[in-house]
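Residue-level structure breakdown
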Amino acid sequence: MPDPISDTPFTQHEGQSNNSSAHDNKDLLIMGGGLAGLTLAIQVKQAHADIPITVLERQQHPVDEAAHKVGESTVELATYYLSEVLGLKQHLDEAQLPKLGLRFFFRPNPEIAEQDRFKNTLEIGAKTLPHSASYQLDRGILENYLAEKAQALGVNFIDGAKVTEVSIGKRTKHHHVKYVSREGSATQATPYWLVDACSRRSPLKRLQGLKKNNNHDVNAAWFRINAKLDLNTLAGQTLANNEAGPARWFSTNHLMGKGYWVWFIPLASGSTSIGIVADEHLHPFDTYNTFDAAMTWLRLHEPVIADFIQPYRGNLQDFRVLRHFSHDCEQVYSSDRWFLSGEAGAFLDPFYSPGSDLIAISNTFITAMIKADKENDAFAQTTVVFDRFYLSMIRNTLPIYQNRYEMFDHATVMPVKIAWDFAVYWSFTAFLFIQDRMNNASELLKLLRYFEDMGRKNEQLQSLFSEWARKAPNQSTATYIDPFDIPELDVLNKGLCQDLNADDFEHQLRKNLALLDGMHNDIIGIVQRDFPMLVSNTVDHQPGSISTLLDRIGYHTAVTA
Ligand SMILES: Cc1cc2nc3c(=O)[nH]c(=O)nc-3n(C[C@H](O)[C@H](O)[C@H](O)COP(=O)(O)OP(=O)(O)OC[C@H]3O[C@@H](n4cnc5c(N)ncnc54)[C@H](O)[C@@H]3O)c2cc1C
């Protein structure tokens, strides 16, 4: 096969010379114009109108609506980023769907008849739109819009351009990037700052051998159906608890089972996105890696859902799979002026829809690093702090998912885990970002101690959840839980968008951490009372909202039976 690079003479990238003096005019090249690349281009351009920015995107635009990419559900942090930091609120309100939070359906016990899966269910999910908004994104609609918006701001967006070769310029030397345009001509660019936002294909990560295994072996398959498959009307049944009613359609619905979860996400284009995410050890990938296999798998594990989808087989828009998608990374930012963003860096698990949060955080760090370099303001130290914070955040979050899929069907311990995971997210990560505390490396350094303490506490608790689930009866009552009836969650969610000055912020952060300590004490106290052998450091148990939650779902009756 002809090599497009060696067989075609190079033209110089427009606006550049091959001379390092070109860096008097410092420019940014972003490889990959998906969610991470396009949002970064907009963010940097809005902060530094004078920086020339080019985005190279392999696919030609406009891209398809509905059946474009995975990554449709956003949570509070990414919503703040898209609507407030980038100023896209009008697009989100007018062209995307509002989201009624994350919603989970459990079988109250493993013996429940499958046809009653949605009649006698334990459901966790909000009944009204939460105080802090979030959206369901049709990725095709969004990326077409982002590309137009970036170009309107002056970004040079080149679609149909495939990056074929990269070399890094160490210290002050410029980088070299070769790409082939949609017409087939080979071009060389020599940018000052280089961002790799090519997702899992990441040329920079491969070049430097930065990919790191994280021993979280999960796979996914997903497809879009061109119809509204509303769980609320499931197979002619009415859901047992109607408080959320038709609004359930707007949630990211999780159908929970041992070793897996199945998502239902509504899209603004009118389609429904459905996906299976499962642990390889409990559900081997080859049992659901084609559409026919996935339907057979659903018939076995979620028969009501298989019956629900069956009449719409003719409306299938796509079918995609991703094996071993969870990965860590050795380094994401360098003072040699290269940065990774989005899935090109690290990605753990989509269970709580954190992918676009990671993009928001990473892009905000990259924008701050470019500013530090441009203004000669401690650039090297800034890259070290942000790199450490980002990777420590990834590693502190991993225990939420790693080795937990085995307990995903547990109808009493999982609700407690979900309450704890929501509380950690709203009290710390989302809170810091929405309060604009993640764009300054020295401010962030002061918070690293809290962050690493929280990481240790979380890791211990996540292991305890698994051990507890192995001992406690998997038996709850069929009922409906609105997470905002748990007082801590209501307070933390409402607190995200408060207008806080520096003193108020410190005060609020300490209050958030105290709320978490209270929940932590309650969880440890319950386990120590019921399964003392699982707890090494005993606590003076103060029953609180977790005890109340467990009363509501019938845990105490089951555990003492
Ligand atoms: C199963 C699963 C479910 C997920 N669900 C969610 C979710 O619900 N919510 C969420 O926030 N996140 C989710 N994610 C994460 C989600 O994928 C990310 O949020 C987001 O899509 C990643 O954006 P990105 O820009 O890194 O990658 P992409 O959007 O894939 O963009 C990468 C771009 O790089 C381009 N490219 C690749 N190679 C080259 C090349 N050589 N030259 C030029 N261009 C190139 C590609 O064409 C592509 O457009 C999920 C991930 C998985 C695996």
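Here the structure is a predicted model, which means the values were calculated and not measured.

This next bit is on empty space enclosed by the protein. One pass over the full model with this rule turns up three cavities of 30 Å³ or more. Roughly 610 Å³ of volume is contained in the largest cavity. As for the largest cavity, its lining consists of 37 residues, and the residues nearest its centre are Tyr352, Thr397, Ile400, Asp421 and Tyr425. Where the lining of the largest cavity is concerned, the elements lending two or more residues are helix H3 (76-85), helix H9 (355-374), helix H10 (379-397), helix H11 (413-434) and helix H12 (441-471). Per-class residue counts for the lining of the largest cavity are 24 nonpolar, eight polar and five charged.

Turning our eyes to something else, we now look at the sheet that holds strand S18 (residues 316-322). Strand order in the open sheet made by the eight strands is S18-S14-S17-S16-S15-S5-S6-S22, with mixed pairing throughout. Each having just a single partner strand, S18 and strand S22 (480-481) make up the two edges of the open sheet. Relative to strand S17 (residues 272-279), strand S16 (residues 260-266) runs antiparallel, the two sharing seven bridges. Within the sheet, the bridge partner assigned to Trp263 lies in S17 and is Gly275. Each of strand S5 (102-106), strand S6 (122-124) and strand S15 (252-257) touches H11; the most contacted strand, S5, lies at about 170° to it.

Before going further, it helps to examine the confidence of the model for the protein. On average, residues of the protein score 92 in pLDDT, and 94% of them are at 70 or above. Scored below 50 in pLDDT, residues 1-10 shows 17 contacts in the model against residues more than four places distant or in partner chains. Every residue in residues 17-23 is under pLDDT 50, and counting partners more than four places away or in other chains gives 15 contacts.

Closest axis-to-axis distance for the helix H2 (residues 35-47)/helix H5 (residues 139-152) pair is 10 Å, and the angle between their directions is 30°. In terms of orientation, H2 and H5 fall into the roughly parallel class. As for the relative orientation of H2 and H5, their crossing is left-handed in sense. Here Leu35, Leu38, Thr39, Ile42 and Gln46 of H2 lie close against H5, whose contacting residues are Arg139, Leu142, Glu143, Leu146, Ala147, Lys149 and Ala150. Among the residues making up the contact of H2 with H5, the classes are represented as seven nonpolar, two polar and three charged.

This part takes up the pattern of salt bridges. According to the stated counting rule, one finds 31 salt bridges in the structure shown. For Arg320, the salt bridge identified is with Asp318, shortest N-O distance 3.5 Å. Given the relative accessible area of 33%, Arg320 is considered partly exposed. For Asp318, a relative accessible area of 9% corresponds to the buried category.

So, on to the packing of aromatic side chains. Scanning the entire structure with this criterion turns up 34 aromatic pairs. On the basis of an interplanar angle of 80° and a centroid distance of 6.1 Å, the ring pair of Phe365 and Phe389 is categorised as edge-to-face. Of this pair, Phe365 sits in helix H9 while Phe389 sits in helix H10; the two residues are 24 residues apart in sequence, bridging distant segments of the chain. On the basis of relative accessibility, which here comes to 0%, the residue Phe365 falls in the buried class.

The next point concerns the site of the ligand. What surrounds the ligand is a group of 34 residues, the closest being Glu57, Ser73, Arg139, Glu343 and Ser356. Between an oxygen atom of the ligand and a side-chain N or O atom of Lys69, the distance comes to 2.8 Å. A distance of 3.5 Å separates an oxygen atom of the ligand from a polar backbone atom of Gly355. When the ligand sits alone it has 990 Å² of accessible area, and the protein chains cover 95% of it. Those elements that place two or more of their residues in the shell around the ligand are H2, strand S3 (53-57), H5, strand S9 (162-167) and H9. Counting residues per element, the shell around the ligand draws most heavily on H9, at three residues. Grouping the constituent residues of the shell around the ligand by class yields 15 nonpolar, ten polar and nine charged. Taken together, domain 1 (1-68 + 137-211 + 329-403) and domain 2 (76-136 + 214-322) each give at least three residues to the shell around the ligand, which thus spans both.

Structurally, Arg248 can be placed in the loop between strand S14 (218-225) and S15. Only 2.7 Å separates the side chain of Arg248 from the side chain of Glu123, close enough to count as a polar contact.

A word on the domain arrangement of the protein. Domain annotation of the protein identifies domain 1 (1-68 + 137-211 + 329-403), domain 2 (76-136 + 214-322) and domain 3 (408-561). Each of domain 1 and domain 3 was reduced to a C-alpha centroid, and the two centroids are 35 Å apart. Facing 19 residues of domain 1, the contacting portion of domain 3 comprises 23 residues. A buried area of about 1,900 Å², summed over both sides, lies between domain 1 and domain 3, and 71% of it is on carbon and sulfur atoms. Counting the surface domain 1 buries against domain 3, the share from its top three residues, Tyr352, Phe389 and Asn396, is 29%. Our enumeration of links across domain 1 and domain 3 arrives at one salt bridge. Between Glu452 and Arg388 there is a salt bridge, and its shortest N-O distance comes to 3.2 Å. Joining domain 1 to domain 3, the criterion identifies five residue pairs in polar contact (both at pLDDT 80 or more).

Calculation notes
- Residues numbered from 1 in each chain as written.
- Predicted model: local features only at pLDDT ≥ 70, side-chain atom pairs only at ≥ 80, totals over all residues.
- Heavy atoms only, no water.
- 1 Å grid on protein atoms, 1.4 Å probe; cavity = no way out; pocket = protein on both sides within 12 Å on 5 of 7 lines; lining within 4 Å.
- Points joined across faces, edges and corners; volume = space filled by probe spheres on them.
- Helix = DSSP H or I, 4+ residues; strand = E, 2+ residues; numbered from the N terminus.
- Nonpolar A, V, L, I, M, F, W, Y, C, P; charged D, E, K, R; others polar.
- Pairing = 2+ DSSP bridges.
- Contact = heavy atoms within 4.5 Å.
- Axes fitted to C-alpha atoms, helices over the stretch in contact; angles between N-to-C directions.
- pLDDT = per-residue confidence, 0-100.
- Parallel < 35°, antiparallel > 145°, perpendicular 65-115°, else oblique.
- Left-handed = near helix turned anticlockwise from the far one by under 90°.
- Salt bridge = Lys/Arg side-chain N within 4 Å of Asp/Glu carboxyl O.
- Buried < 20%, exposed > 50% of the residue type's maximum accessible area, 1.4 Å probe, protein only.
- Phe/Tyr/Trp six-rings, centres within 6.5 Å; stacked < 30°, edge-to-face > 60°.
- Near = heavy atom within 4 Å.
- Polar contact = N/O pair within 3.5 Å; in protein donor to acceptor, adjacent residues only side chain to side chain.
- Areas by Shrake-Rupley, 256 points an atom, 1.4 Å probe, with all protein chains shown as cover.
- Domains from an automatic or database assignment.
- Buried area = accessible area lost by both parts, 1.4 Å probe.

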